[in-house]
Amino acid sequence: MNPHLDKLHPYPFEKLRQLFAGVTANPDYAAISLGIGEPKHPTPPFIQKALAHGVAGLANYPTTAGSDALRGAIAGWLERRYGVPALNPATQVLPVNGSREALFGIAHCVIDASKPAPLIVCPNPFYQIYEGAAYLAGAEPYFVNSEPGRNFGCDYASVPAAIWPRVQLLYLCTPGNPTGATLSLADWEQLFALSDRYGFVIAADECYSEIYHTSAAPLGALEAAHQLGRSGGETPYANLIVFSSLSKRSNVPGMRSGFVAGDPAVIKKFLLYRTYCGGAMSPPVQAASIAAWGDEAHVQENRVKYREKFALVTPLLREVMDVELPDAGFYLWADVRRSALSDTEFARRLYAEYNVTVLPGSYLARDAHGINPGSKRIRMALVAEVDEGVEAAQRIVQFCKSLTLP
């Protein structure tokens, strides 16, 4: 067996299952889960219809590159959303079966394990796929801690100079999971300079880009590259590849539809890799995806729902814990030190006493540079409808007050 498999950590939800083992939730309350970031808003009917109308395509083998129509729809959305020059759908866009498999696969495409001690830089806390991809590609993850004082951004200037020559891939998530933090143009300028100097590929996970709580949409990686003069010439978007998905944007997590876009040289190699993996998107999903990428009205309605929830829930929780409205995303990243409980004990007792599930922050991070930046924090996914989100918040407030908070 592959010895790298032994390096993989249990997934956060397996740790949560073990944490709750032997615990019986209070039957006086209906179960509410804020643990998993699975969108619960209804899938728009027009997407369902497009999926159904596409079933005739099941009679054909799909190509790994996807249809011209789908790549064109994705390119068009990127151009409208980020104000970037026209992309070449044939060389700069590649449909994928959800961003998860692509984020995992890109490490196997990029990493040259024959070079000494290859590294993949990851934010901390992080989406655990980044870490697993590093290990199974024959690399090691190097974690850069998010810092509350930087609005949960990572200080890449803190990475020792001796580390960068070994870095072959850098994962980042903007807006961040679980923090909701976004990158500024200055952040991107710093990262591009490091990539140019050391030659590593930047993999920008932007799956939460369309759920934001500010008047301005988050800056995207391609958008930043264009503003910094990196979208044209002989090497457009050099060493930059962006990942996005319909799951959160359009409430279709079961469809498994996303894309990668950016540097055509990286895309070319990634297409070759995925051709061998058998990663072609089914024709009905392609048809539904074309419809979804072409419509913004349902995205705006979805965003309004999230804003309403966050506007109601955040002030309630602020009474009993340190939590602020994030830049974007559908998570609250809350500090629970006022409860005098660890993040794991907080989650366990909240489940037992009020039948509300939250995810301990330490499960989403690793001990790095002397700390676990998820310790004493919890992640709450506000993915259900408004009433359920408010009910969960009210129970959390009751629970915290029962602890006689200072």
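For the structure, check the block above.
Residues numbered from 1 in each chain as written. Predicted model: local features only at pLDDT ≥ 70, side-chain atom pairs only at ≥ 80, totals over all residues. Heavy atoms only, no water.

J.: Would you explain the overall build of the protein chain in this entry?
T.: The helix and strand tally for the protein chain stands at 13 helices and 13 strands. For 406 residues, the compact-globule estimate of 2.2 N^0.38 gives 22 Å, and the protein chain sits close to it at 21 Å. Along the first, second and third principal axes, the C-alpha set of the protein chain runs to 65 × 55 × 45 Å. A buried classification covers 56% of the 406 residues belonging to the protein chain. Taking the contacts inside the protein chain whose residues are at least 6 apart along the sequence as the reference set, 75% of them involve residues at least 24 apart. For the protein chain, the accessible surface area stands at approximately 16,600 Å², while carbon and sulfur atoms represent 54% of it. In the protein chain, which carries 35 positive and 38 negative side-chain charges, the distance between the mean positions of the two groups comes to 2 Å. (Helix = DSSP H or I, 4+ residues; strand = E, 2+ residues; numbered from the N terminus. Rg over C-alpha atoms; globule rule 2.2 N^0.38 Å. Buried < 20%, exposed > 50% of the residue type's maximum accessible area, 1.4 Å probe, protein only. Contact = heavy atoms within 4.5 Å. Areas by Shrake-Rupley, 256 points an atom, 1.4 Å probe, with all protein chains shown as cover. Lys, Arg positive; Asp, Glu negative; His and termini not counted. Charge placed at Lys NZ, Arg CZ, Asp CG, Glu CD.)

J.: Explain the sheet that holds strand β5 (residues 153–154) here, please?
T.: Remark on secondary structure: sheet strands pair via backbone hydrogen bonds, oriented parallel or antiparallel. Ordered by their spatial adjacency, 8 strands build an open sheet running β2-β9-β8-β7-β6-β3-β4-β5, and the pairing between neighbours is mixed. Where the open sheet ends on each side, the last strands, each with one partner, are β2 (93–96) and β5. Strand contacts of helix α3 (residues 68–82): β2 and β9 (258–262), with the helix running at about 110° to β2, the strand carrying the most contacts. (Pairing = 2+ DSSP bridges. Axes fitted to C-alpha atoms, helices over the stretch in contact; angles between N-to-C directions.)

J.: Looking at this structure, I do not really get the sheet that holds strand β10 (residues 331–335). What am I missing?
T.: Within the open sheet, the 3 strands sit side by side as β10-β13-β12. Their pairing is antiparallel. Every interior strand has two partners, whereas the edge strands, β10 and β12 (359–360), have only one. Across 2 bridges, the pairing between β12 and strand β13 (residues 377–381) is antiparallel. Counted as the bridge partner of L359 is R379 from β13.

J.: Just to check I follow, could you spell out the environment of I396 for this structure?
T.: Relative to the elements of secondary structure, I396 occurs in helix α13 (residues 386–402). With a relative accessible area of 0%, I396 lands in the buried category. Residues I396 and L219 lie 177 residues apart in sequence; the distance between their C-alpha atoms is 33 Å. Setting aside residues up to four positions removed in sequence, I396 forms contacts with L34, L317, M321, F346, L350, V356, V358 and M380.

J.: Quick question: what am I supposed to make of α13 here?
T.: Here α13 contains 17 residues, and its C-alpha end-to-end distance of 25 Å stays within 8% of the 24 Å for a straight helix at 1.5 Å per residue. Within α13, the full set of buried residues consists of V386, G389, V390, A392, A393, R395, I396, V397, F399 and C400. Those residues of α13 hidden inside the fold are in contact with β1 (32–33), α11 (297–318), α12 (343–354), β11 (356–357) and β13. (Expected span 1.5 Å × (residues − 1).)

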